[in-house]
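Residue-level listing of the chains:
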2 protein chains.
Amino acid sequence: MLQNGNYEAIFSRIPIYIEYLKTYEEEYISATIIANSLGLGEVQVRKDLAKISFGGKPKIGYEVKSLLDDLSSYMGFDKLTKAVIVGMGRLGEALFHYLGFDRINLKIVAAFDVCDKYNSLDEFKSICEKHNVKIGIITVPEESAQATADLMVSSGIKAIWNFSSSSLKVPNNILVKNENMANSLSVLIRLMNNL
Amino acid sequence: MLQNGNYEAIFSRIPIYIEYLKTYEEEYISATIIANSLGLGEVQVRKDLAKISFGGKPKIGYEVKSLLDDLSSYMGFDKLTKAVIVGMGRLGEALFHYLGFDRINLKIVAAFDVCDKYNSLDEFKSICEKHNVKIGIITVPEESAQATADLMVSSGIKAIWNFSSSSLKVPNNILVKNENMANSLSVLIRLMNNL
DNA sequence: TGTATATCGATAAAGATATATCGATATAAC
DNA sequence: GTTATATCGATATATCTTTATCGATATACA
Ligand SMILES: NC(=O)c1ccc[n+]([C@@H]2O[C@H](COP(=O)([O-])OP(=O)(O)OC[C@H]3O[C@@H](n4cnc5c(N)ncnc54)[C@H](O)[C@@H]3O)[C@@H](O)[C@H]2O)c1
Ligand SMILES: NC(=O)c1ccc[n+]([C@@H]2O[C@H](COP(=O)([O-])OP(=O)(O)OC[C@H]3O[C@@H](n4cnc5c(N)ncnc54)[C@H](O)[C@@H]3O)[C@@H](O)[C@H]2O)c1
């Protein structure tokens with residue numbers, strides 16, 4: 001199942017480095033500059049980079065271009081990842097039209113719903129197999145979430161991004177990332193009340 | 001600024017306990033049952049509960065009702081929290097109509113957009129002050145995000161839930177939680193490619 | 001009443017993550 | 001050339017988080 005919540009902390013920083021580096025015009029950049037720009041510790045930045053890329057030069061820093069390449073391929077952004085989405089209601093529509101997945105090289109190749117404006121679920125398996133789809137996005141109502149997950153698993157999908165608040169039962173080799181918005185917001189409420 | 005990403009880990013587990021407990025019919029529950037149902041370690045559950053609630057009884061467990069109360073008030077769900085949302089495009093609409101915020105006792109009291117179907121930004125400050133709004137949700141395009149944040153700060157908002165991928169500059173006493181969906185999904189891509 | 005057991009809480013150990021310190025080095029300035 | 005300095009990488013320390021262990025206790029049952 002691998003129902004993760006806490007991943008290696010570094011994984012969530014790399015995309016931030018990448019975004020920042022894309023805006024950086026010089027040929028070289030130091031860990032100090034990255035750290036200060038992003039509000040992180042410079043030792044942490046240096047350690048992250050050391051883990052992924054080749055060394056920087058004292059007094060100079062890291063070469064931006066090759067750093068970007070290394071970070072991107074570390075995250076898997078160098079390869080196109082294909083996804084499908086099931087449940088084309090308000091949230092599904094929003095995600096389907098969102099342009100921001102481009103920069104992580106993710107493409108939503110098909111959208112499914114019970115309503116016939118979209119691909120029918122009958123075609124789900126064949127479309128997934130044809131495109132070798134790896135990621136399934138679940139934006140159906142709670143009560144349909146488990147059935148949708150089952151369909152995804154039986155269609156060869158390897159990872160599920162779940163926006164319903166159902167906790168899905170899936171085989172051990174399938175990744176599930178729950179994107180529970182209310183829970184995420186509640187962390188903010190808690191922190192706020194603490195101040 | 002408090003531009004957090006890694007909060008106390010416990011904060012993100014409490015809402016999960018709460019959801020689970022709401023479905024639990026018995027009068028008492030043990031850490032063992034919670035842990036097994038949610039795929040967590042039982043020592044971890046016991047430690048979390050010990051931090052927040054009064055003790056359980058050996059061989060019996062914790063009283064569900066009072067546990068729920070304690071966890072809810074720890075998270076701040078016992079008080080109504082008011083939010084506003086700015087940017088009523090696809091994502092803004094989805095969030096505005098989402099019913100799941102009820103269970104964390106959050107109410108979106110007003111929705112703003114440049115389009116006149118919604119509240120006008122001219123009224124932003126007065127509405128926020130009138131309702132004593134604490135949380136601002138940003139779902140405007142990138143280029144308007146910082147201006148929106150500024151408006152929120154100057155209208156007395158204490159915490160911002162930011163869906164744009166701009167990194168916002170705000171005063172030190174304002175909380176910002178970036179909900180960068182592409183970055184979140186990229187963690188899943190990374191984990192998947194690792195298997 | 002005594003024994004077995006599920007469970008708790010406390011303490012200890014392990015693991016993960018973040019921060020601090022410092023010598024080495026590449027460049028720049030003198 | 002020598003010196004000053006920004007930066008790196010390595011090592012050490014600190015903090016946070018999770019997991020393991022174990023004695024104490026409330027109940028169930030013989
Ligand atoms: N709207 C939000 O901001 C938001 C936020 C967080 C989580 N969610 C969750 O995301 C899910 C969708 O939310 P929404 O607001 O878009 O709801 P919605 O009602 O607008 O959309 C649900 C869509 O799923 C379709 N559907 C229903 N059963 C289906 C099935 N078996 N197979 C395929 N499609 C099916 C419906 O036709 C509809 O188009 C819900 O589980 C909700 O709790 C929504
Ligand atoms: N759609 C998604 O699934 C998704 C996912 C993650 C992040 N985002 C981000 O959320 C934001 C909104 O995305 P969307 O898909 O809803 O876009 P959208 O274009 O559908 O909606 C943007 C809305 O903001 C309004 N707007 C523009 N400038 C404004 C201003 N200054 N003040 C108030 N309203 C203003 C527009 O009128 C429009 O209604 C973007 O920053 C996007 O990158 C979207």
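One can find the structure itself at the top, above this paragraph.
Caption draft 1: Representation of the sheet that holds strand 3 (residues 81-86) of chain A. All names here are of chain A. Reading across the sheet, the five strands line up as 4-3-5-6-7 and stay open at both edges, with parallel pairing between neighbours. Only two strands of the sheet have a single neighbouring strand rather than two, namely strand 4 (106-112) and strand 7 (175-178). The sheet shows a mean angle of 20° between the axes of neighbouring strands, taken without regard to direction. For strand 3 and strand 5 (residues 135-138), the ladder comprises four bridges, and the chain directions are parallel.

Caption draft 2: Inspection of helix 5 (residues 90-97) of chain A at higher detail. Within helix 5 of chain A, burial applies to G92(A), E93(A), A94(A) and L95(A). Among the structural elements, strand 3, strand 4 and strand 5 of chain A together with helix 5 (90-97) and helix 8 (181-194) of chain B are those in contact with the buried residues of helix 5 of chain A.

Caption draft 3: View of the protein's contact with DNA strand C. DNA strand C sits among 22 residues. The nearest are A31(B), R46(B), G55(B), G56(B) and Y62(B). Atoms of DNA strand C within 4 Å of the protein belong to the sugar or the phosphate in 65% of instances, the rest to bases. Within the side chain of R13(A), a nitrogen or oxygen atom sits 3.0 Å from a phosphate oxygen of DNA strand C. Measuring from a phosphate oxygen of DNA strand C, one finds a side-chain N or O atom of Q44(A) at 3.0 Å. Secondary-structure elements contributing two or more residues to the surface near DNA strand C are helix 1 (9-22) and helix 3 (42-52) of chain A together with helix 3 (42-52) of chain B.

Caption draft 4: Quick look at the protein's contact with DNA strand D. Looking at DNA strand D, there are 22 residues lining it, with A31(A), R46(A), G55(A), G56(A) and Y62(A) nearest. Sugar plus phosphate, as a fraction of atoms of DNA strand D within 4 Å of the protein: 60%. Side-chain polar atom of Y62(A) to a phosphate oxygen of DNA strand D: 2.8 Å apart, as the coordinates give it. At 3.4 Å, a backbone N or O of A9(B) approaches a phosphate oxygen of DNA strand D. Classifying every residue of the surface near DNA strand D by side-chain character gives eight nonpolar, six polar and eight charged.

Caption draft 5: Seen up close, the packing of helix 1 of chain A against helix 8 of chain B. Their axes nearest at 9 Å, the elements helix 1 of chain A and helix 8 of chain B cross at an angle of 120°. When the axes of helix 1 of chain A and helix 8 of chain B are compared, the pair comes out oblique. For the pair helix 1 of chain A and helix 8 of chain B, the sense of crossing is right-handed. Here F11(A), S12(A), P15(A) and I16(A) of helix 1 of chain A come into contact with helix 8 of chain B, specifically with N183(B), S186(B), V187(B), R190(B) and L191(B). Residue classes in the contact of helix 1 of chain A with helix 8 of chain B are distributed as five nonpolar, three polar and one charged.

Caption draft 6: Summary view of the environment of E19(B). By the secondary structure assignment, E19(B) is in helix 1 (residues 9-22). For the pair E19(B) and V84(B), spaced 65 residues apart in sequence, the C-alpha to C-alpha distance is 25 Å.

Caption draft 7: The arrangement of the site of ligand 2 in detail. Inspection of the region around ligand 2 gives 20 residues, with A94(A), G89(B), L91(B), D113(B) and V140(B) positioned closest. The residues that come close to ligand 2 belong to more than one chain, namely chains A and B. Between A94(A) and ligand 2, the recorded distance is 3.0 Å, taken from a backbone N or O atom to a nitrogen atom. Here an oxygen atom of ligand 2 sits 3.3 Å away from a polar atom, N or O, in the main chain of G89(B). When atom positions are compared with the pocket grids, ligand 2 is found to occupy the second largest pocket.

Caption draft 8: Representation of unusual backbone geometry. Residue and element names in this part refer to chain A. You will see that K59, though not glycine, has its phi angle at about 70°, which is positive. Position of K59 among the secondary structure elements: in the loop between helix 3 and strand 2 (62-63). Unlike most non-glycine residues, N105 shows phi in positive territory, near 60°. Among the structural elements, N105 can be located in the loop between helix 5 and strand 4.

Caption draft 9: Structural detail: the relation of the copies chain A and chain B. Each copy superposes on the other: chain A lies on chain B with an RMSD of 0.1 Å after a rotation of 180° and an axial shift of 0.0 Å. Here the symmetry operator amounts to a two-fold rotation axis. Comparing interface residues between copies, 98% of those in chain A also lie at the interface in chain B; the contact surface is shared.

Caption draft 10: The interface of chain A and chain B, seen in detail. Across the contact, 53 residues belong to chain A and 52 residues belong to chain B. For the pair chain A and chain B, the number of links is zero salt bridges. There are 10 residue pairs in polar contact (both at pLDDT 80 or more) connecting chain A and chain B. For the side of chain A that touches chain B, the secondary-structure elements that each account for two or more residues are helix 1, helix 4 (64-75), helix 5, strand 6 (159-162), strand 7 and helix 8 (181-194) of chain A. At 13 residues, the largest contribution of residues to the side of chain A that touches chain B is made by helix 8 of chain A.

Caption draft 11: How the structure looks around the pairing of strand 3 of chain A. Residue and element names in this part refer to chain A. With five of its six residues buried, strand 3 lies for the most part within the structure. Taken together, the six bridges between strand 3 and strand 4 define a ladder with parallel strand orientation. Across the sheet, residue V84 finds its bridge partner in strand 4, namely A110. In this region the chain leaves strand 3, passes through helix 5 and returns to the parallel neighbour strand 4; the handedness of that crossover is right-handed.

Definitions and limits used
Residues numbered from 1 in each chain as written. Chains lettered and ligands numbered in written order. Predicted model: local features only at pLDDT ≥ 70, side-chain atom pairs only at ≥ 80, totals over all residues. Heavy atoms only, no water. Pairing = 2+ DSSP bridges. Helix = DSSP H or I, 4+ residues; strand = E, 2+ residues; numbered from the N terminus. Axes fitted to C-alpha atoms, helices over the stretch in contact; angles between N-to-C directions. Buried < 20%, exposed > 50% of the residue type's maximum accessible area, 1.4 Å probe, protein only. Contact = heavy atoms within 4.5 Å. Near = heavy atom within 4 Å. Polar contact = N/O pair within 3.5 Å; in protein donor to acceptor, adjacent residues only side chain to side chain. Nonpolar A, V, L, I, M, F, W, Y, C, P; charged D, E, K, R; others polar. Parallel < 35°, antiparallel > 145°, perpendicular 65-115°, else oblique. Left-handed = near helix turned anticlockwise from the far one by under 90°. 1 Å grid on protein atoms, 1.4 Å probe; cavity = no way out; pocket = protein on both sides within 12 Å on 5 of 7 lines; lining within 4 Å. Sits in = over half its atoms within 2 Å of the grid points. Least-squares fit on C-alpha atoms with pLDDT ≥ 70 in both. Salt bridge = Lys/Arg side-chain N within 4 Å of Asp/Glu carboxyl O. Right-handed = clockwise from strand over helix to strand, strands pointing away.

That is the geometry; function is a separate question.
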